[in-house]
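Notes for the structure review
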Amino acid sequence: MRLFQKAKRETNVDETSYMLAVPETRDEVVNFRKLVFDLKSSRMLDLLEERLENDDSSSGKLKIRVKIEDCEYTAELSPYPVEIPSMYRLQHFFRDVDMQRVANAELGLMVEMEFTEDAQASYHAQLKIIASVLPDAIAVLDCSAEKVLSGKWVRMAAESGVSPAPRYIYIVQAVSSRLGNVWLHTHGLNRCHLPELEILDSTKDTYQAQYNIVENLANRILEDGAPELKEPLYLARVTDDIPLFVTLVDWEEAVDGYGARLLGGRRDRKQGHNGNTCCIFCYTTPENLENQKYSAVKVFDKVLKDNPLYMITNKETARMKALALERLPYMKEMLGRPDTVILTKIGLEVDDEYKENENSKEHIWFELKEAKDGQLTAELTQEPYYVSGLHQGDVRTYPESDLTDWLVMTKEERYTPDDAYQMT
């Protein structure tokens, strides 16, 4: 988006969240009277205040203040040309006909909003504003995170009582060179008043595993806030004997540790990535941690391929469980269909010797056999680590309330609770 790019060049760090909703027709975004009416009629928010600046259909701007649950938000709505830059990623499935409709659209509705300290609630609120005025939007361009969202997904997410997954708030891009070097960096965290995250000097062979570090760290700081520069943060257990302590280093200090031709070095930051952005490093020993002697995460490349155990917070586990239960009817509709396998993740009480103050559950995948009268009967697909007396192949029955996630697999598709918009 030109507006978004201009703001970033002039201020270095732009903490406004920009989303451009693509309507069925341009008339939907220039009728300010209808926009106000739809906001006042919405079941998802309370319109507290509205002010129209310049009633011209092409340059007008509607400023609003709304209340969603117990929090107030301010936003600006205005017509804006639709243009999808080449680096934008399709977050969801689009039929060819829908992509053609997006490509043919000339005018959309730009929704600009400032996030509160609760980034996930703010992101959810922005979706609710969009769905209130354009419930039939074809797509939504999240300009801050450089991705394209399905209009159907936006509507379902907005109407949900559960906020979208943290990964929706940002994107991790991998920029590569002809020499095989890769520069990983995020877009979207600055609007949450957080630094963007990067990993320098990755490779085409290792960036996928390092991508998981960026994603899991982004999820953590969205919930807990960013640590101070060079402070350690326990992110994962790489092996039984190796913990992963990561730390953040300001990009200017980080790039000085590499050669001048570094991909992601100073010469690549003249037009962006030169504001509030930090590079991820790690501490390999307690002594290095104490002396703040950090290392590149590539020191763990060999073991990162062995599926490290990343820490998922209790808050995120609860969010996933709530979404799985809310959209359980979509999953049950698929049960018994030909060539369809349904996996359900059940939270089981661990043995007493493994219980911790805030963690007493092991979440294990079962293959669903029957769903009846609020009960799920399923076959265990894996050996538990911390639950004795239960083994792979055992068939057990649990209440639906123990469900924490589900996955539907057909010959053509895989559906999670987040994909329920495709199952309607």
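With that out of the way, let us pick up the overall build of the chain. Looking only at helices and strands, the chain has twelve helices and 22 strands in total. Taken over C-alpha atoms, the radius of gyration comes to 23 Å for the chain, in line with the 22 Å a tight globule of 424 residues would show. Expressed along its principal axes, the backbone C-alpha trace of the chain runs to roughly 70 × 60 × 40 Å. Within the span of the chain, comprising 424 residues, buried residues form 50% of the whole. Here the analysis covers contacts within the chain between residues at least 6 apart in sequence; of these, 62% occur between residues at least 24 apart. The positive charge centre, built from 51 side chains, and the negative charge centre, built from 73, are 5 Å apart in the chain.

This part takes up the side chain of arginine 191. If you trace the backbone, arginine 191 turns up in the loop between strand S10 (181-187) and strand S11 (196-203). Residue classification places arginine 191 among the buried positions, given a relative accessible area of 1%. Reaching out from arginine 191, the side chain makes a polar contact with the side chain of serine 17 at a distance of 2.8 Å. Once residues within four sequence positions are removed from consideration, arginine 191 is found in contact with Asp14, Glu15, Thr16, Ser17, Met19, Phe115, Tyr123, Asp142, Ser144, Ala145, Tyr168 and Ile169.

So, on to the packing of aromatic side chains. Under the counting rule described, the total for this entry stands at six aromatic pairs. Ring centres of tryptophan 153 and tyrosine 168 lie 4.2 Å apart, and the angle between their planes is 25°; on these two criteria the pair is classed as stacked. Linking tryptophan 153 in helix H6 (residues 151-159) with tyrosine 168 in the loop between H6 and strand S9 (171-176), this pair joins segments that are 15 residues apart in sequence. The exposure classification of tryptophan 153 matches that of tyrosine 168, with both residues buried.

Cut-off values and rules
- Residues numbered from 1 in each chain as written.
- Predicted model: local features only at pLDDT ≥ 70, side-chain atom pairs only at ≥ 80, totals over all residues.
- Heavy atoms only, no water.
- Helix = DSSP H or I, 4+ residues; strand = E, 2+ residues; numbered from the N terminus.
- Rg over C-alpha atoms; globule rule 2.2 N^0.38 Å.
- Buried < 20%, exposed > 50% of the residue type's maximum accessible area, 1.4 Å probe, protein only.
- Contact = heavy atoms within 4.5 Å.
- Lys, Arg positive; Asp, Glu negative; His and termini not counted.
- Charge placed at Lys NZ, Arg CZ, Asp CG, Glu CD.
- Polar contact = N/O pair within 3.5 Å; in protein donor to acceptor, adjacent residues only side chain to side chain.
- Phe/Tyr/Trp six-rings, centres within 6.5 Å; stacked < 30°, edge-to-face > 60°.

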